[in-house]
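Coordinate inspection notes
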Amino acid sequence: MTTMHTERTVDVNVNGAHHTRTVPVRQTLAAFLRDDLGLTGTKLSCGFQVCGVCTVLVDGRPVSACTYLAVDADASTVTTVEGLAEGERLHPLQEAFVDGFALQCGFCTPGFLMMAKALLDSCPDPSREQVVEHLEGNICRCTGYEPIVDAVLAAARSARGAEAVGE
């Protein structure tokens, strides 16, 4: 006779803090982050991995937290939008979004920020076309995409400038 496991214990590092929880095996990472850890910066919209608002990084790789299971994040490092800023200091992407008016209602912004972070972590000097292609899975219903693309490019330039100063 096979025993059906409906819960499992996961150990996850989220934004630098270690968490051990027993979760339902079908619980999404978004539900775990929002309901269990109180990290509501990860938004939910489509629930089908289509709009990108729920994007978080698992071991540096962007995933749709609305369909990614919490148990699949076991022994992983998860970064949410709450993990971008360092204390009161905004992440350069967040600063560029604010400075470039790259948000309006802000609902989609966490997903765009996390996708952009994944891009800049792997490609610190992207072309406009690379930014557009990387963000094509994220949907904004009010701002439009040009300010968002411009903000990502501005953050990349800023990061490269900071590196040049530090060299």
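Just above sits the structure.
Residues numbered from 1 in each chain as written. Predicted model: local features only at pLDDT ≥ 70, side-chain atom pairs only at ≥ 80, totals over all residues. Heavy atoms only, no water.

So, about the overall build of the protein. Per the secondary structure count, the protein includes five helices and five strands. Along its sequence from the N terminus, the protein presents helices and strands in the succession β-β-α-β-β-β-α-α-α-α. At 17 Å, the protein has a C-alpha radius of gyration in line with the 15 Å of a compact globule built from 167 residues. Seen along its three principal axes, the alpha-carbon backbone of the protein occupies a region of about 60 × 35 × 25 Å. (Helix = DSSP H or I, 4+ residues; strand = E, 2+ residues; numbered from the N terminus. Rg over C-alpha atoms; globule rule 2.2 N^0.38 Å.)

So, on to the pattern of salt bridges. Across all of its chains, the model carries five salt bridges by this definition. Each of the salt bridges in this network shares a partner with another, and the network as a whole consists of Arg128, Glu146 and Asp150. (Salt bridge = Lys/Arg side-chain N within 4 Å of Asp/Glu carboxyl O.)

With that settled, the discussion passes to the state of the cysteines. Taken as a whole and assessed by the stated rule, the structure comprises zero disulfides. Here Cys142 stays unpaired: no disulfide links it, and the sulfur of Cys105, its closest cysteine neighbor, is 3.8 Å away. (Disulfide = S-S within 2.5 Å.)

Further remarks concern the sheet that holds strand β3 (residues 55-58). A sheet is described by the order of its strands in space; here five strands give the open sequence β2-β1-β5-β3-β4, paired in mixed fashion. Taken across any chain shown, the strands that pair with only one partner, and hence form the sheet edges, are β2 (17-24) and β4 (61-64). Direction aside, the axes of adjacent strands within the sheet are offset by 40 degrees on average. Bridge count between β3 and β4: four bridges; the pairing is antiparallel. Residue Val58 lies in a different strand from β4, and its bridge partner there is Arg61. Helix α1 (residues 29-36) contacts β1 (7-14), β2, β3, β4 and β5 (76-79) of the sheet and is inclined by roughly 115 degrees relative to β2. Along the sheet face, helix α3 (residues 109-122) touches β3, β4 and β5 and points at about 35 degrees away from the line of β3. (Pairing = 2+ DSSP bridges. Axes fitted to C-alpha atoms, helices over the stretch in contact; angles between N-to-C directions. Contact = heavy atoms within 4.5 Å.)

Another point: the pairing of β5. Bridge analysis of β1 against β5 gives three bridges, and the strand direction is parallel. Within β5, the residue paired with Asn13 across the bridge is Thr77. In this sheet, β5 lies alongside β3 in antiparallel orientation, the contact comprising two bridges. Note that in β5 the partner of Val58 across the bridge is Val78.

What follows deals with the side chain of Gln94. Here Gln94 is to be found in helix α2 (residues 92-99). The residues touching Gln94, leaving out its near neighbours within four places in the chain, are Val81, Leu84, Ala85 and Leu113.

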